[in-house]
Amino acid sequence: MGYLGADYTIKSWLLTTDHKRIGLLYMISITVFFLLGGAAATLLRLELMTPRGDVFGSPDDYNRSFTIHGVFMVFFFLIPGVPAVLGNFLIPLMIGARDLAFPRLNLMSWYIYMIGGLFTLYALVAGGVDTGWTFYTPYSTMFSNTQVIAAALGIFIVGFSSILTALNFIVTIHTMRAPGMTWLRLPLFIWAHYATSLIIVLGTPVLAITIILVAVERLFKVGIFDPAYGGDPLLFQHLFWFYSHPAVYIMILPSFGVISEIVTAFARKKIFGYSFMAGALLAIAVLGFLVWGHHMFVSSQSMYAGMIFSVLSFLVAVPSGIKVFNWTATLYKGSVSFKTPMLYALGFIGLFTIGGLTGLVLSTMATDVHVHDTYFVVAHFHYIMVGGMVMAYLGGLHFWWPKITGRMYSEFWGALSALTVFIGFNLTFFPQFLLGYIGMPRRYYEYPEEYQVLNVMSSAGASVLAVGYMMPLIYLMISLKVGKIAGPNPWAASGLEWETSSPPPTHNFLDTKIVTSGPYDYELQEFADMQREVQEQGIV
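Just so you know, these numbers come straight off a predicted model, no measurement behind them.

(A) Main features of the overall build of the protein chain. Across its full length, the protein chain holds 17 helices and zero strands. A compact globule built from 540 residues would reach a C-alpha radius of gyration of about 24 Å, and the protein chain, at 23 Å, matches this within 12%. Considered along the principal axes of its C-alpha atoms, the protein chain spans approximately 70 × 45 × 45 Å. Per-residue burial for the protein chain yields a buried fraction of 58% across its 540 residues. Contacts in the protein chain between residues far apart in sequence, at least 24 positions, make up 83% of those at least 6 positions apart. Working note: accessible area of the protein chain is about 21100 Å², and carbon and sulfur atoms make up 71% of it.

Shown next, in the form of structure tokens:
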């Protein structure tokens, strides 16, 4: 019997220690926060349809809306998205384990996430917060009259959820691999989550300390960041970005793992340069801790420090470029099939490449000064985070949905949603590159009339994007009732997760798996036979 049918009571879900069920609890939770953040974004785009502020009652309401959009999206969707949902579900399956190392701690992580989310929801209901998701001081500590403490407390609490989940992943990967599963036989999905977990464990405590210092200054007027009390506002930026730039890699590294799995499965080829791909993941994790100063080129940071951060930021492009090159090389002469997960993966590669290349523009001090705090930065950020993480999350969800539920979804609607998201995303955010280049600053709810055409295009694109995001919610739910039975391996993919039933039993496997070869051996005859078999059965 699969884990879904083991028990149907609410209690069995709320007290479960099964990593797969906890992954689904996270899936529901982050979807709610995604919808809340998306609703705030909808209001922002409606406001920006016209040059005059005519949707929000005041600039303060606009400030609250973009703050809650950023807080919900960054801390409650983008950061936990792939690791908490797909990582929780798949890591034990991929390494041949029965569960994560600490199942109860895993459940506690979800409850901590929910408690943090409730505090932040309280901040929204009680009047909102207007500091932006970056909480820059001294505004957040001394001048803002909104719910800064409640929102910061919610983020502080949810950080512990991330840390405990990361510790669980690290211990599980080190100690619970199946016999024969050596480090160089690990799927790249596992490598990606291992690198991500290291960043979370090392970086998140710095954010927690920073939030505590903000609270101390705001509540007790102790001079830490406010010059009026003898503090230094630049110290806040150093501490905040020391975590928040690596946080970008917390969001995107797991996506690299997802895309690697999809590309190799639908190209029917071994991943090109496996060891370089794994090394690049770790290199990005290390370099990510050395580049926070590129967010501060226009602060009072010294020019020489800025030059060093600029050079280090360029270095990050090397391992990132390796990944894009190797995915492309894997596709070359592959037997590529354009199923829904593959369409999302190809969309990811294109959008992430644009986001990465524009990152080089922002790593150059001279051009960064020109476009700093403009819509160019907003577009770049969304190409990496939304174009990257969300495309990978949706691609991964479609790839492993048959494993999660035991059902197939409509391929037609899946492909249409991938195409709609790709078009809607580019229509939304590419005009923002142009807006930023010609000088429109972000976080303004009124603007000169010459910016209106591009803003209307962006808002129209957001409408298309919203439709694209809503479609999977509908047809995936429908698939639970009427979808074809998936079988254990509907994609004829390699990996231990495909060697158990769909959905898997409570403890994943009925016998101990023994690994005798590396991942992605699609050249083996058994995978060709498997692919022929699923095609003959008409599953995909």
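Right, picking up where we left off after that structure.
(B) Representation of the pattern of salt bridges. One pass over the full model with this rule turns up seven salt bridges. The salt bridge partner of Lys-513 is Glu-499, with a shortest N-O separation of 3.9 Å. Linking Lys-513 in the loop between α16 (452–482) and α17 (525–537) with Glu-499 in the loop between α16 and α17, this pair joins segments that are 14 residues apart in sequence. Here Lys-513 and Asp-511 are joined by a salt bridge, their closest N and O atoms 3.6 Å apart. The buried category is assigned to Lys-513, whose relative accessible area is 14%. Put simply, Glu-499, Asp-511 and Lys-513 are held in one network by salt bridges that share partners.

(C) View of empty space enclosed by the protein. Scanning all chains against the criterion turns up five cavities of 30 Å³ or more. When the residues that make up the lining of the largest cavity are grouped by side-chain class, the tally is nine nonpolar, six polar and no charged.

(D) Expanded view of the layout of surface pockets. The space that makes up the second largest pocket amounts to roughly 620 Å³. Together, 25 residues line the second largest pocket, and Met-27, Thr-31, Trp-401, Leu-473 and Met-477 are the ones closest to its centre. Of all the secondary-structure elements, those providing two or more residues to the lining of the second largest pocket are α2 (19–47), α14 (375–405) and α16.

(E) Spatial organisation of the packing of aromatic side chains. A complete count under the given rule lists 47 aromatic pairs for this structure. Each ring, one from Tyr-62 and one from Tyr-445, has its centre 6.0 Å from the other, and the planes form 40 degrees; the classification is tilted. Of the two residues, Tyr-62 is situated in helix α3 (residues 59–78) and Tyr-445 in the loop between α15 (411–437) and α16; the sequence distance between them amounts to 383 residues. Assigned by exposure class, Tyr-62 and Tyr-445 land together as buried. Aromatic pair Tyr-383 and Phe-425: ring centres 4.8 Å apart, planes at 75 degrees, arrangement edge-to-face. Separated by 42 residues along the polypeptide, Tyr-383 in helix α14 and Phe-425 in helix α15 bring together distant segments of the chain. Grouping residues by exposure puts Tyr-383 and Phe-425 together as buried.

Cut-offs and rules
- Residues numbered from 1 in each chain as written.
- Predicted model: local features only at pLDDT ≥ 70, side-chain atom pairs only at ≥ 80, totals over all residues.
- Heavy atoms only, no water.
- Helix = DSSP H or I, 4+ residues; strand = E, 2+ residues; numbered from the N terminus.
- Rg over C-alpha atoms; globule rule 2.2 N^0.38 Å.
- Buried < 20%, exposed > 50% of the residue type's maximum accessible area, 1.4 Å probe, protein only.
- Contact = heavy atoms within 4.5 Å.
- Areas by Shrake-Rupley, 256 points an atom, 1.4 Å probe, with all protein chains shown as cover.
- Salt bridge = Lys/Arg side-chain N within 4 Å of Asp/Glu carboxyl O.
- 1 Å grid on protein atoms, 1.4 Å probe; cavity = no way out; pocket = protein on both sides within 12 Å on 5 of 7 lines; lining within 4 Å.
- Points joined across faces, edges and corners; volume = space filled by probe spheres on them.
- Nonpolar A, V, L, I, M, F, W, Y, C, P; charged D, E, K, R; others polar.
- Phe/Tyr/Trp six-rings, centres within 6.5 Å; stacked < 30°, edge-to-face > 60°.

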